[in-house]
Amino acid sequence: MIDITEQLLAWCAGQRPFALATVVGARGSVPRGPGTCVAVDAGGTVVGSVSGGCVEGAVYELAREVLATGQAQRAVFGYSDEDAFAVGLACGGTVEVLVRPVTGVALAVLHDHLEALAGGRPTALATVEDGPPELLGAAITVDEHGHRGSTGAPALDAAVARDARQLLALGTGDTRTYDHHSGCCPATEGTTVLFTVHTPPPRMLVYGANDFAAAVARFGSLLGYRVTVCDARPVFTTAERFPEADEVVVDWPHRHLRSLADRGELDGRTAICVLSHDAKFDLPLLRLALRLPVGYVGAMGSRRTHAQRITELRAAGLGEAELTGLHSPIGLDIGAVSPQETAVSVMAEIIAGRSGTSGLSLRELHGPIHRPWPPHAATAVAENGEGAGPDANITRTLSREIRTTS
């Protein structure tokens, strides 16, 4: 939804009814995952994409139907030998799409969500994607001010709002099914809700003001990180040398990192790249960084430097569990030499770690290119034989199963 926020804000502000199609589930090799959206207004204008082209035509027609009837619908699109390029996903996956009308009160609810999104404020959108027909497509938005919208069932509203706040704190989306253990009444038992969570951009902290830092800052910014470059030497640490960085700070690296930690500005998405290659900066910084709940800590240096660094960190009291969190020498083995190539190597390692993948060449691996959704479904998909290799006996059926509110 981030990609189409500006257009949807204008539609909501102008009370312009439209149908919103959202990917609520995906299996196998699919181009885009849950939360991906496309919107179609009454005039046939389209913004966004749910599949990169594979099923856009079918989703468009379904959206027009939903606008005409005012009834939310859910469709499943899968691979078909006979008609793969007409409607099915030629890449071999299956995608589930919820299409709901955004009219009346729903326009105001979505407008609140989009305003928070455009302002860079944490916000979550909870959408009923399966369950009782009368609840299908109902949505609640949650931010620091509370929640707005309703499923029509107060007990379910309370449970969904509570879970949305928890997921906002974690900075991650989820899909959850509610039953009587959640405090829901029998009429809403089995309701499944998709939580789409948007939080401020993750932080990338680049320590060391050199050409490698400039390249890493450039690529980090390109990939959506809020980048800070920090070094204690003012002559090298200037905004002119790091135009792609959001912040350029002159300070001792460990002191700067401690200040961010004390203010609660770090989380599990934070990436720390130690590129100064100078022990007087690196060691105090790494002693602190490896004890923080961040997503990535990498340090530049030769294998000899790494061995010496590990020895000194052990002597400083760090345990083996903490030391295993250090990516050093930093980056993946791609033969990088220049600062730009090294930045590609570093960013590839960060992405691989974030997604839990191997970082190996795709041609050496089997299975779908795109990660299964949700990510933890990878094991189940492999055990079921789907995408287990180029000759796997995957399900080759095209389905368009639709649930409506009628």
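Residues numbered from 1 in each chain as written. Predicted model: local features only at pLDDT ≥ 70, side-chain atom pairs only at ≥ 80, totals over all residues. Heavy atoms only, no water.

1. Section: the sheet that holds strand S11 (residues 203–207)
With parallel pairing, six strands are arranged side by side in an open sheet as S13-S12-S11-S14-S15-S16. Here the strands that pair on one side only, and so sit at the sheet edges, are strand S13 (247–250) and strand S16 (326–327). Sheet topology note: the strand S12 (residues 226–231)/S13 ladder contains four bridges and is parallel. Note that in S13 the partner of Val 229 across the bridge is Val 248. Helix H7 (residues 279–289) rests against S11, S12, strand S14 (271–274), strand S15 (296–299) and S16 of the sheet, and its axis sits at about 160° to S14. (Pairing = 2+ DSSP bridges. Helix = DSSP H or I, 4+ residues; strand = E, 2+ residues; numbered from the N terminus. Contact = heavy atoms within 4.5 Å. Axes fitted to C-alpha atoms, helices over the stretch in contact; angles between N-to-C directions.)

2. A closer look at the pairing of S12
Among the six residues of S12, five are classified as buried, and the element is accordingly described as predominantly covered. When S11 meets S12, the two strands line up parallel, connected through five bridges. Directly across from Val 206, in S12, lies its bridge partner Val 229. (Buried < 20%, exposed > 50% of the residue type's maximum accessible area, 1.4 Å probe, protein only.)

3. Re the packing of aromatic side chains
The final tally for this structure, using the stated rule, is two aromatic pairs. Both rings, one in Trp 252 and one in Phe 281, keep their centres 5.1 Å apart while their planes meet at 45°; by these two values the pair is tilted. Of this pair, Trp 252 sits in the loop between S13 and helix H6 (253–262) while Phe 281 sits in helix H7, placing them 29 residues apart in sequence. Residue Phe 281 is classed as buried on the basis of its relative accessible area, which comes to 5%. (Phe/Tyr/Trp six-rings, centres within 6.5 Å; stacked < 30°, edge-to-face > 60°.)

4. Focus: unusual backbone geometry
Cis rather than trans, the peptide bond between Ser 328 and Pro 329 has omega equal to -5°. Among the structural elements, Pro 329 can be located in the loop between S16 and helix H10 (339–355). Non-glycine residue Gln 15 carries a positive phi angle of around 55°. Residue placement: Gln 15 occurs in the loop between helix H1 (5–13) and strand S1 (18–27). By relative accessible area, which is 51% here, Gln 15 ends up exposed. Positive phi, close to 60°, is recorded for His 277, a residue that is not glycine. As for its position among the elements, His 277 is in the loop between S14 and H7.

5. Notes on the pattern of salt bridges
For the structure on display, the rule yields 22 salt bridges. The salt bridge partner of Asp 163 is Arg 176, with a shortest N-O separation of 3.4 Å. Of this pair, Asp 163 sits in helix H4 (residues 154–170) while Arg 176 sits in strand S9 (residues 174–178), placing them 13 residues apart in sequence. The salt bridge involving Glu 265 is made with Arg 203; its shortest N-O contact spans 2.7 Å. (Salt bridge = Lys/Arg side-chain N within 4 Å of Asp/Glu carboxyl O.)

6. Section: empty space enclosed by the protein
Summed over the entire model, instances satisfying the criterion amount to one cavity of 30 Å³ or more. Quantified by volume, the largest cavity comes out at close to 90 Å³. Met 1, Thr 22, Leu 125, Thr 127 and Thr 196 are the residues nearest the centre of the largest cavity, which is lined by 14 residues in total. (1 Å grid on protein atoms, 1.4 Å probe; cavity = no way out; pocket = protein on both sides within 12 Å on 5 of 7 lines; lining within 4 Å. Points joined across faces, edges and corners; volume = space filled by probe spheres on them.)

7. What to know about the confidence of the model for the protein chain
Averaged over the protein chain, the pLDDT score is 82; the fraction of residues at 70 or greater is 82%. Predicted confidence for residues 81–89 stays below pLDDT 50, and this span has 26 contacts to residues more than four positions away or in other chains. A low-confidence stretch, residues 372–406 stays under pLDDT 50, and its non-local contacts, those more than four residues away or across chains, total 64 contacts. (pLDDT = per-residue confidence, 0-100.)

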